[in-house]
Amino acid sequence: MKRLTGSARFPLFILMLNLFIALLGQGMVIPILPDYLKQFNAAGTAAGYLVAAFGAAQFLFSPIGGQLSDRWGRKKLMMSGLFLTVLSDLMFAVSTTLPLLYIARFIGGIGLGLMVPANMAYVADITTPDTRAKGMGYLGAAMNLGMVLGPGLGGLIAELGIRVPYYFASGLGFAAVLLTFLMPETLQRGQHPAADQRRGRKPLLKKLTHSFRLPYVRYLLLVLVMTFGLVNYETVYALFVQQKYGFKAAQISIIITVGALIGIMIQLWLLDRIIKRIGETRLIRLSLVLTAAALLLMLIKVNFIYLLSVSALFFAFNAFLRPTVSSLIANASGDRQGYAAGLNTTYTSLGSILGPLLAGNLFDKQIHLPYILGAVILLSALTLTWNTSHSDQERMTAHER
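Residues numbered from 1 in each chain as written. Predicted model: local features only at pLDDT ≥ 70, side-chain atom pairs only at ≥ 80, totals over all residues. Heavy atoms only, no water.

A short note on the overall build of the protein chain
For clarity, the threshold we go by: In this description a helix means any DSSP run of H or I spanning at least four residues, a strand means any run of E spanning at least two, and both kinds are numbered starting from the N terminus. Only protein chains enter the area calculation, which uses a 1.4 Å probe; residues under 20% of their type maximum are buried, those over 50% are exposed, and those in between are partly exposed. Working rule for contacts: check all heavy atoms of both residues, and any pair within 4.5 Å makes them a contact. Surface accessibility in these figures is a Shrake-Rupley result with a 1.4 Å probe; residues are shielded only by whichever protein chains are displayed.
Secondary structure assignment for the protein chain yields 16 helices and zero strands. Across the 401 residues that make up the protein chain, the buried fraction comes to 60%. If you take every contact in the protein chain between residues at least 6 apart in sequence, the share linking residues at least 24 apart comes to 87%. Split by element, the accessible area of the protein chain, about 15,800 Å² in all, is 67% carbon and sulfur.

Thoughts on the nonpolar core
This is how the line gets drawn: The term nonpolar core refers to a set of buried residues drawn from Ala, Val, Leu, Ile, Met, Phe, Trp, Tyr and Cys, joined through side-chain atoms within 4.5 Å.
Membership of the largest hydrophobic core comes to 73 residues, with the highest contact counts inside it found for Tyr216, Tyr237 and Tyr371. With 11 residues, helix α13 (residues 304–332) is the single largest residue contributor to this core. Other than its neighbours up to four places away in sequence, Tyr237 contacts Ile252, Ile255, Ile256, Met298, Leu307, Ser311 and Tyr371. Counting 36 residues, the second-largest nonpolar core is a separate cluster that includes Leu114, Met115, Ala142 and Met183.

Focus on helix α14 (residues 337–365)
Threshold: The span expected for a helix works out to 1.5 Å for each residue beyond the first.
Between the first and last C-alpha of α14 there are 42 Å, a value that for 29 residues agrees with the 42 Å anticipated at 1.5 Å per step. Of all 29 residues making up α14, 22 are buried, and the element is well covered by its neighbours.

Considerations on the side chain of Ser88
Inclusion rule: Whenever a nitrogen or oxygen atom comes within 3.5 Å of another N or O atom, the pair is scored as a polar contact, on the condition that within protein one atom can donate a hydrogen and the other can accept it, and that pairs from neighbouring residues in sequence are kept only if both atoms are in side chains.
Positionally, Ser88 belongs in helix α3 (residues 74–94). By relative accessible area, Ser88 is classed as buried at 4%. A distance of 2.6 Å separates a polar side-chain atom of Ser88 from the backbone oxygen of Ala104. In this structure Ser88 touches Ala104, Arg105, Ile107 and Gly108, once residues within four positions along its chain are discounted.

Focus on the side chain of Ser170
Its place among the elements puts Ser170 in helix α6 (residues 164–181). There is a polar contact of 2.7 Å between the side chain of Ser170 and the backbone oxygen of Tyr167.

Looking at the pattern of salt bridges
Note the following rule: Take a side-chain nitrogen of Lys or Arg and a carboxyl oxygen of Asp or Glu: if they are within 4 Å of each other, that pair is a salt bridge.
A full pass over the atoms with the stated rule returns two salt bridges. One salt bridge connects Asp70 with Arg74, and the closest N-O pair in it is separated by 2.9 Å. With a shortest N-O distance of 2.7 Å, Asp125 and Arg74 are connected by a salt bridge. Remark: Arg74 occurs in helix α3 and Asp125 occurs in helix α4 (residues 98–126); sequence separation between them is 51 residues. Taken together, the salt bridges that share partners define one network made up of Asp70, Arg74 and Asp125.

Observations regarding a nonpolar patch on the surface
Just so we agree on the cut-off: The patch calculation keeps residues exceeding 30% relative accessible area without a salt bridge and links them within 9 Å when they carry like charges or within 5 Å when they are nonpolar (Val, Leu, Ile, Met, Phe, Trp, Tyr).
On the surface, Leu261, Met265, Trp269 and Leu270 cluster together to form a nonpolar patch covering roughly 400 Å² of accessible area. With a relative accessible area of 36%, Leu270 lands in the partly exposed category.

Re the confidence of the model for the protein chain
To be explicit about the condition: pLDDT expresses how confident the predictor is about each individual residue, on a scale running from 0 to 100.
Per-chain confidence: the protein chain averages 81 in pLDDT, with 89% of residues scoring 70 or above. Mean pLDDT per element in the protein chain: helix α16 (residues 390–400) is the minimum at 43, and helix α12 (residues 280–297) is the maximum at 94. This stretch, residues 193–200, has a pLDDT under 50; its non-local contacts, to residues over four places away or in other chains, come to nine contacts. Across residues 389–401 the pLDDT falls below 50, and counting only partners more than four positions away or on other chains, this stretch makes 19 contacts in the model.

Considering the environment of Leu369
You can see Leu369 is positioned in helix α15 (residues 369–380). As for Leu369 and Leu358, which are separated by 11 residues in sequence, their C-alpha atoms are 9.3 Å apart.

Quick word on α12
Rules: The directions considered for the arc are those from the helix axis to the C-beta atoms.
Here α12 contains 18 residues, and its C-alpha end-to-end distance of 26 Å stays within 8% of the 26 Å for a straight helix at 1.5 Å per residue. Here α12 has its buried residues at Glu280, Thr281, Leu283, Ile284, Ser287, Leu288, Thr291, Ala292, Ala294 and Leu295. When α12 is viewed along its axis, its buried side chains cluster within an angular range of 160 degrees and face the same direction.

As for the environment of Leu12
Locating Leu12 in the fold gives a position in helix α1 (residues 6–38). Counting along the chain gives 124 residues from Leu12 to Met136, while the straight-line C-alpha distance between them is 9.7 Å.

Some details on the packing of helix α2 (residues 44–72) against α14
To be explicit about the condition: Under this scheme, a helix contributes an axis fitted over its contacting stretch, all axes are lines through C-alpha atoms, and angles between N-to-C directions fall in the 0 to 180 degree range. Here the angle decides the label: under 35 degrees means roughly parallel, over 145 means roughly antiparallel, 65 to 115 means roughly perpendicular, and every other value means oblique. Under the scheme applied, nonpolar residues are Ala, Val, Leu, Ile, Met, Phe, Trp, Tyr, Cys and Pro; charged residues are Asp, Glu, Lys and Arg; polar residues are all the others, including Gly.
Running from amino to carboxyl end, α2 crosses α14 at an angle of 170 degrees, the nearest separation of the two axes being 7 Å. With respect to their mutual orientation, α2 and α14 come out roughly antiparallel. Considering only residue class, the contact of α2 with α14 consists of 12 nonpolar, 16 polar and two charged.

Brief notes about the environment of Gly146
When you line up the elements, Gly146 lands in helix α5 (residues 132–157). Considered as a pair, Gly146 and Leu24 are 122 residues apart in the sequence and their alpha carbons are 4.1 Å apart. When sequence neighbours within four positions are dropped, the list of residues in contact with Gly146 reads Phe20, Leu23, Leu24, Gly27 and Pro151.

Description of the packing of aromatic side chains
For clarity, the threshold we go by: In summary, the pairing rule links any two rings of Phe, Tyr or Trp, Trp by its six-membered ring, whose centres are within 6.5 Å, and it sorts them by plane angle into stacked for under 30 degrees, edge-to-face for over 60 and tilted for everything else.
Taken as a whole and assessed by the stated rule, the structure comprises 10 aromatic pairs. Where Tyr233 meets Phe314, the ring centres are 4.1 Å apart and the plane angle is 15 degrees; that geometry is what we call stacked. With Tyr233 in helix α9 (residues 217–235) and Phe314 in helix α13, this residue pair connects regions lying 81 residues apart in the sequence. Here Phe314 falls in the buried class, since its relative accessible area comes to 1%. Centroid distance Tyr233 to Phe315: 5.8 Å. Interplanar angle 90 degrees. Geometry classified as edge-to-face. Note that Tyr233 is positioned in helix α9 and Phe315 in helix α13, a separation of 82 residues in sequence. Residue classification places Tyr233 among the buried residues on the basis of a relative accessible area of 2%.

This is the structure we're talking about:
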């Protein structure tokens, strides 16, 4: 894999900052969620609905984000999405009822649904096929970093008040909006033909139906599965650890922070090397098996160090999945990077809806069930990697063009 060019580095840094800030607010929720929900006399099911509301909004609006980024440009969509995440954090900070929390989460999901496909399309614009996996890896690392620092900052800032972290996140989000304003637009007017724009106007259901005729649909389904596994894991994690181990928010923050930091280091320094050594398909297979194994190992109660190690295993191999699959999708999409990125985010959102809904409800029945189901689904996704190879990827790219 080649190095990113100098002209791509500054825009990529801003894109990483955008996603970092947007995900920071989401990460703050995790360690304080049990105590936060106690204010509303709620538990696992409510936690699932909160995460699902976010995913539902992403599901509905990410195709629009991808379509509009192809039509109006990446920059406008990124700024709009960031502004909505700011509004979401502010609403979450002042809400006094569960319905208002759901609305706040839904607005935040709209924001991410608009900005993520635009960010991914922007990366595809400023990279080559040789450097695209690296660029997508950096985006994934920024998102993970937000989720990493979010719990630590959330637990720390919550000492000033359990709602204070959301005011903090909204302030950072506004700063990111201003920084994004300084970025150049990468999409020139008239770059995409009118036929692409007409095809982008299909209703959501038709887009999903059409996606099953795309050569890279198996990778979209992999996005759905790996998102289900991650969100299933995260939705009830704090509740699970608190009930099984009796750990407090500070200990939960340490576990999540260390595990996700390992994931970030892998994306920044190991992803390219391992793809080069074993290839995308083998890396995806290995990651699916080991993330599923980590979910099952969660069921065994040992001690703090054991739980920290299992969480690190999950984050490490989950960190390989998203940038690898996203790179394959981008490479196979030809000149429709925004459209493909929108579908990528749509399938991510589907996983973000189904994962928390099932996890929250299953958790209230038996706390082990969410992790057993997640492991089964991740292992079943191995069937999606059959008959895939580098040459198959090149054939798909040629077909799309």
